[in-house]
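The chain contents come next:
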Amino acid sequence: MNTNIDLCKLVECIGDAIVVADANERIVLWNPAATRIFGYSEQEALGSTLDLIVPERQRQKHNEGYSKSMETGTTRYGTSLLKVPAKHKDGGTLSIAFSVGMLFDSNGKASGVVAVIRDETARFAEERALKKRISDLENPQP
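What you see is a predicted model; the values in this text were computed from it and never measured.

Novice: Please clarify how the overall build of the chain should be interpreted in this entry.
Specialist: Each helix and strand counted, the chain has five helices and five strands in total. For the chain, the N- to C-terminal ordering of α and β elements is α-β-β-α-α-α-β-β-β-α. Each principal axis of the C-alpha atoms in the chain carries an extent, and together these give about 65 × 35 × 30 Å. The buried share of the chain, taken over its 142 residues, is 30%. For the chain, the proportion of contacts with a sequence separation of at least 24, taken over those separated by at least 6, is 43%. Surface exposure of the chain reaches about 9,300 Å², of which carbon and sulfur atoms provide 55%. One way to put it: in the chain the 18 positive side-chain charges average out to a point 5 Å from where the 19 negative ones average out.

Novice: I would appreciate a short explanation of the pairing of strand β2 (residues 27–30) in the present structure.
Specialist: Residues in a regular strand point their side chains to alternate faces of the sheet. As defined by bridge partners, strand β1 (residues 17–22) adjoins β2 across three bridges and the pair is classed as antiparallel. Residue V19 lies in a different strand from β2, and its bridge partner there is W30.

Novice: Quick question: what am I supposed to make of the side chain of H88 here?
Specialist: In this structure, H88 sits in the loop between β3 (82–87) and β4 (93–104). Of the residues examined, H88 reaches a relative accessible area of 18% and is grouped as buried. With near-sequence residues (within four places) excluded, H88 lies in contact with I37, F38, G39, Y40 and L94.

Novice: Can you walk me through the environment of Q141 in this structure?
Specialist: When you line up the elements, Q141 lands in the segment after α5 (121–138). The exposure class of Q141 is exposed, given its relative accessible area of 71%.

Novice: Explain the nonpolar core to me, please; I cannot follow it from the model alone.
Specialist: Generally speaking, nonpolar side chains in soluble globular proteins are found buried as a group. With 27 residues, the main nonpolar core has W30, F38 and I117 as its most contacted residues. The set of elements that each furnish at least two residues to this core consists of β1, β2, α2 (32–38), α4 (56–72), β3, β4 and β5 (110–119). If you tally residues by element for this core, the top one is β4, at five residues. Not counting residues within four places of it along the chain, the set of residues in contact with I117 comprises D16, A17, V19, I37, F38, I96, A97 and F98.

Novice: Honestly, the environment of N24 in this entry has me stumped. Any pointers?
Specialist: Along the chain, N24 falls in the loop between β1 and β2. Linking N24 and Q58, residues 34 residues apart in sequence, is a C-alpha distance of 17 Å.

Novice: In this structure, what is going on with the packing of aromatic side chains? I would like to understand it.
Specialist: Working definition: an aromatic ring pair is given by the centre-to-centre distance plus the angle between the planes. Counted by the stated rule, this structure contains one aromatic pair. Aromatic pair W30 and F38: ring centres 5.7 Å apart, planes at 40°, arrangement tilted.

Novice: Looking at this structure, I do not really get unusual backbone geometry. What am I missing?
Specialist: The general pattern is negative phi for most residues beyond glycine and trans for most peptide bonds. Phi is positive for E25, which is not a glycine, with a value near 70°. Within the fold, E25 resides in the loop between β1 and β2. Judged by relative accessible area, which is 9%, E25 ranks as buried.

What counts and how
Residues numbered from 1 in each chain as written. Predicted model: local features only at pLDDT ≥ 70, side-chain atom pairs only at ≥ 80, totals over all residues. Heavy atoms only, no water. Helix = DSSP H or I, 4+ residues; strand = E, 2+ residues; numbered from the N terminus. Buried < 20%, exposed > 50% of the residue type's maximum accessible area, 1.4 Å probe, protein only. Contact = heavy atoms within 4.5 Å. Areas by Shrake-Rupley, 256 points an atom, 1.4 Å probe, with all protein chains shown as cover. Lys, Arg positive; Asp, Glu negative; His and termini not counted. Charge placed at Lys NZ, Arg CZ, Asp CG, Glu CD. Pairing = 2+ DSSP bridges. Core = buried A, V, L, I, M, F, W, Y, C linked by side-chain atoms within 4.5 Å. Phe/Tyr/Trp six-rings, centres within 6.5 Å; stacked < 30°, edge-to-face > 60°.

This is the structure we're talking about:
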């Protein structure tokens, strides 16, 4: 069994986006689910920075955190599931949930990150509507 072929097939067929970026935030892997979620083809995404999908108002904080992770070889998020806004190719905003893992070169130096990303936009909108309905029921307006 060729593990590389199996891993490639996994990356291609999984329903969650898998995005790998190098130490300079350049996208080096972008699977079909990433195209479905964010709207950018693999050709458009590869070589671009993560600014492609990070909303402008979050970029400075994201870039500072990414640089610190590359310097220290750690991420403050560990194995936590992060829920943040993201940007679609059409300019719309998505609600995504993702986990991130650090990647290292053969010398143990941080060389990038891998993120496994799920589009939570519809679920988030439903949750927000339910919370509003509960609030309206608990606090009726005369």
